[in-house]
Amino acid sequence: MNTSRLATCCRRLLASRTPLISHTRNLNLHEHYSLALLESEGVGVPKGAVAKSPSEVKSIIEGFGLSDAVLKAQVLAGGRGKGHFSSGLKGGVKICYSIDEAVSNSEGMIGHTLYTKQTGEQGRPCNDVLVCERVYCRKEFYFAIVMDRAVNGPCMIVSTQGGMNIEDVARDTPDAIHKIPVDIEKGISDVEMEAVADVLELQGDQRVQLKHSVEKLYNLFVKYDSTLLEINPLAELTDGRVLCLDCKINFDDNAEYRHPDLFSKRDWSQEDKRDVEANNAGLNYIGLDGSIGCLVNGAGLAMATMDVIKLHGGDPANFLDVGGGATSEQVTEAFKIISSDPKVKAILVNIFGGIMRCDVIAQGILDAATTLQMDIPLIVRLQGSNVKEAKALMALSNIKILPIDNLDEAASMAVKLSDIVSRAQELKIKVDFSLGI
């Protein structure tokens, strides 16, 4: 089961109570890579180049023969324009009216952390900036292509209200957003391209340019196995050009083998540390906002485990699937990832031993408990292959583990113990759940 589908399932399952951390397991490229990809496919974009230092910013502007420019922090988060840096600089997108101003602003961007509504308190590092020519817009539009299950394929989303948060447009003026599905087997036709042009009310040469861009964007979306292609804004300039001024593209992780060069551009510094560690360990991990860590084998069992936790009034802290062939080292790494989350107050292990042997899981649990010296409740439910050997290993160890055979009872116990730990911490009362005797 691919991780994008897992993330979607997790969101739907937990939407009733638990807001999620904004993790995505699809490849998300920096803007300058996305714009370069568009340009390589014949789509019109502004003149620009990426800079990793203030001196490079100056060289790029002078090389383009410009007197002013736009600096855009290369950070994988929305709301950059309204964000702020650890340096004190306000705004991750700056219009600079001189080379000196551009150099000064870049000094407050490069090497500093940008904080936006999407990054949370931890922020995201800004390692480079995109230096673009300054353009003058007559009209700004919104254009996107997404994979939409409702239409069983790609769907174009179009609005005349571009250059702003599309979420705000959807909330305040939903009638301004238009959806145009495309038959993925037939490909985009002139009918769909004309529909986009009609929504944006472009005529003459601008209409021709728009249709050309829409066709190229759709073909790019399919060619590179994209899950999202968003242009905001798509602009008609005062000089008559129609350009994509900002671009965000996500790619299906399952297509990595088809696009190795593309996936080599992934910036791990922009990812959650736990996601990076899980990827390196070959684990399927998605962070959530609850207090009960989950370690499960199999996507279906993991979803069912989270569901039972919710039924008992608890909130899962993560989705973590160790798969069917995990080693004890991977299990130990999984515990490291789960226990590194300060919100986790209890851990529930739920393993059905088919391909995965329960004794391997048990050994991994014991190794992790010894290495990490965990001091939170650990509830373990093991069933299936080598379960007797697993229980013997745990019984003979000097580790405090709560073995429970029934999933409903195990989930209930995890919720209760998580609440006890949370309330004790609120009252600043120390409750000893040390796993070592």
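Calculation rules
- Residues numbered from 1 in each chain as written.
- Predicted model: local features only at pLDDT ≥ 70, side-chain atom pairs only at ≥ 80, totals over all residues.
- Heavy atoms only, no water.
- Helix = DSSP H or I, 4+ residues; strand = E, 2+ residues; numbered from the N terminus.
- Buried < 20%, exposed > 50% of the residue type's maximum accessible area, 1.4 Å probe, protein only.
- Contact = heavy atoms within 4.5 Å.
- Areas by Shrake-Rupley, 256 points an atom, 1.4 Å probe, with all protein chains shown as cover.
- Lys, Arg positive; Asp, Glu negative; His and termini not counted.
- Charge placed at Lys NZ, Arg CZ, Asp CG, Glu CD.
- Salt bridge = Lys/Arg side-chain N within 4 Å of Asp/Glu carboxyl O.
- pLDDT = per-residue confidence, 0-100.
- Pairing = 2+ DSSP bridges.
- Axes fitted to C-alpha atoms, helices over the stretch in contact; angles between N-to-C directions.
- Expected span 1.5 Å × (residues − 1).
- Patch = residues over 30% accessible without salt bridge, like charges linked within 9 Å, V, L, I, M, F, W, Y side chains within 5 Å.

A.B. asks: Even after reading the chapter, I still don't get the overall build of the protein chain, so can you show me in this structure?
C.D. replies: Summing up its helical and strand segments, the protein chain has 14 helices and 20 strands in all. With the C-alpha coordinates aligned to their principal axes, the bounding extent of the protein chain is approximately 80 × 50 × 40 Å. The 437 residues of the protein chain split such that 53% are buried. Here the analysis covers contacts within the protein chain between residues at least 6 apart in sequence; of these, 70% occur between residues at least 24 apart. By element, 50% of the accessible surface of the protein chain is carried by carbon and sulfur atoms, the whole surface being about 20,000 Å². Computed over 46 positive and 58 negative side-chain charges, the inter-centroid distance for the protein chain is 4 Å.

A.B. asks: Would you mind going over unusual backbone geometry with me for this structure?
C.D. replies: Backbone phi values are negative for most residues with the exception of glycine, while trans is the configuration of most peptide bonds. For the bond running from Asn 232 to Pro 233, omega is 10°, close enough to zero to count as cis. Note that Pro 233 resides in strand β12 (residues 226-237). Although it is not a glycine, Asn 386 adopts a positive phi angle of roughly 60°.

A.B. asks: So what exactly am I meant to see when it comes to the pattern of salt bridges here?
C.D. replies: Any two side chains of opposite charge can pair, on the condition that their charged atoms come close. One pass over the structure, following the stated rule, counts 22 salt bridges. The closest approach of N and O atoms between Lys 72 and Glu 31, which form a salt bridge, is 2.6 Å. Of this pair, Lys 72 sits in strand β3 (residues 69-73) while Glu 31 is found in helix α2 (residues 31-40), placing the two residues 41 residues apart along the sequence. Arg 207 is the salt-bridge partner of Glu 194, the closest N and O atoms lying 2.6 Å from each other. Within this pair, whereas Glu 194 is found in helix α6 (residues 190-200), its partner Arg 207 is found in helix α7 (residues 204-223), the two being separated by 13 residues in sequence. You can call Arg 207 buried: its relative accessible area is 13%.

A.B. asks: Please explain the confidence of the model for the protein chain as it appears in this structure.
C.D. replies: Note that predicted coordinates carrying low pLDDT should not be read in detail. Averaged over all residues, the pLDDT of the protein chain equals 87, while 92% of them reach at least 70. A low-confidence stretch, residues 1-24 (pLDDT under 50), is modelled with 55 contacts involving residues beyond four sequence positions or located in other chains.

A.B. asks: Whenever I open this one, the environment of Met 303 confuses me. Can you help?
C.D. replies: Here Met 303 shows up in helix α10 (residues 299-311). Between the alpha carbons of Met 303 and Lys 400 there is a distance of 27 Å; along the sequence they are 97 residues apart.

A.B. asks: Mind showing me how you'd approach the sheet that holds strand β4 (residues 84-85) here?
C.D. replies: The strands that make up a sheet pair up through hydrogen bonds in the backbone, lying either parallel or antiparallel. One open sheet holds the three strands; their spatial order is β4-β6-β7, and the pairing between them is antiparallel. The sheet terminates laterally at β4 and β7 (124-126), the two strands that pair on one side only. In the sheet, strand β6 (residues 112-115) pairs with β7 via three bridges, with the strands oriented antiparallel. Along β7, the bridge assignment pairs Thr 113 with Pro 125. In the packing of helix α4 (residues 99-109) onto the sheet, contacts are made with β4, β6 and β7, and the angle to β6 comes to roughly 85°.

A.B. asks: Looking at this structure, how should I read the sheet that holds strand β5 (residues 93-96)?
C.D. replies: Here four strands make up an open sheet; going across it, the order is β2-β8-β3-β5 and the pairing antiparallel. Each of the sheet's edge strands pairs with one partner strand only, and the pair in question is β2 (48-51) and β5. On average, each strand axis in the sheet is tilted by 20° relative to the strand beside it, whichever way the strands run. Sheet topology note: the β3/strand β8 (residues 129-132) ladder contains four bridges and is antiparallel. Each residue of the ladder has a partner; that of Leu 71, found in β8, is Val 131. Sheet strands in contact with helix α3 (residues 54-64) are β2, β3 and β8, and its direction is about 165° off that of β2.

A.B. asks: How do you make sense of the pairing of β6 when you look at a structure like this?
C.D. replies: A regular strand places its side chains so that they alternate between the two faces of the sheet. With two bridges joining them, β4 and β6 adopt antiparallel strand pairing. Counterpart to Phe 85 in the pairing with β6 is Leu 114.

A.B. asks: Any chance you could explain α7 here in plain terms?
C.D. replies: An α-helical turn contains 3.6 residues, so a residue and the one three or four places further along point in the same direction. Spanning 20 residues, α7 covers 29 Å between terminal C-alpha atoms, matching the ideal 28 Å at 1.5 Å per step. Residues of α7 that are buried: Gln 206, Arg 207, Leu 210, Lys 211, Ser 213, Val 214, Leu 217, Tyr 218, Leu 220 and Phe 221. Trailing α7 by a residue or two, Asp 225 shows a phi angle of about 55°, which is positive.

A.B. asks: Can you walk me through a nonpolar patch on the surface in this structure?
C.D. replies: A contiguous nonpolar patch, built from Met 147, Ile 184 and Val 222 and spanning about 240 Å² of accessible area, is present on the exposed surface. Structurally, Met 147 can be placed in strand β9 (residues 137-148).

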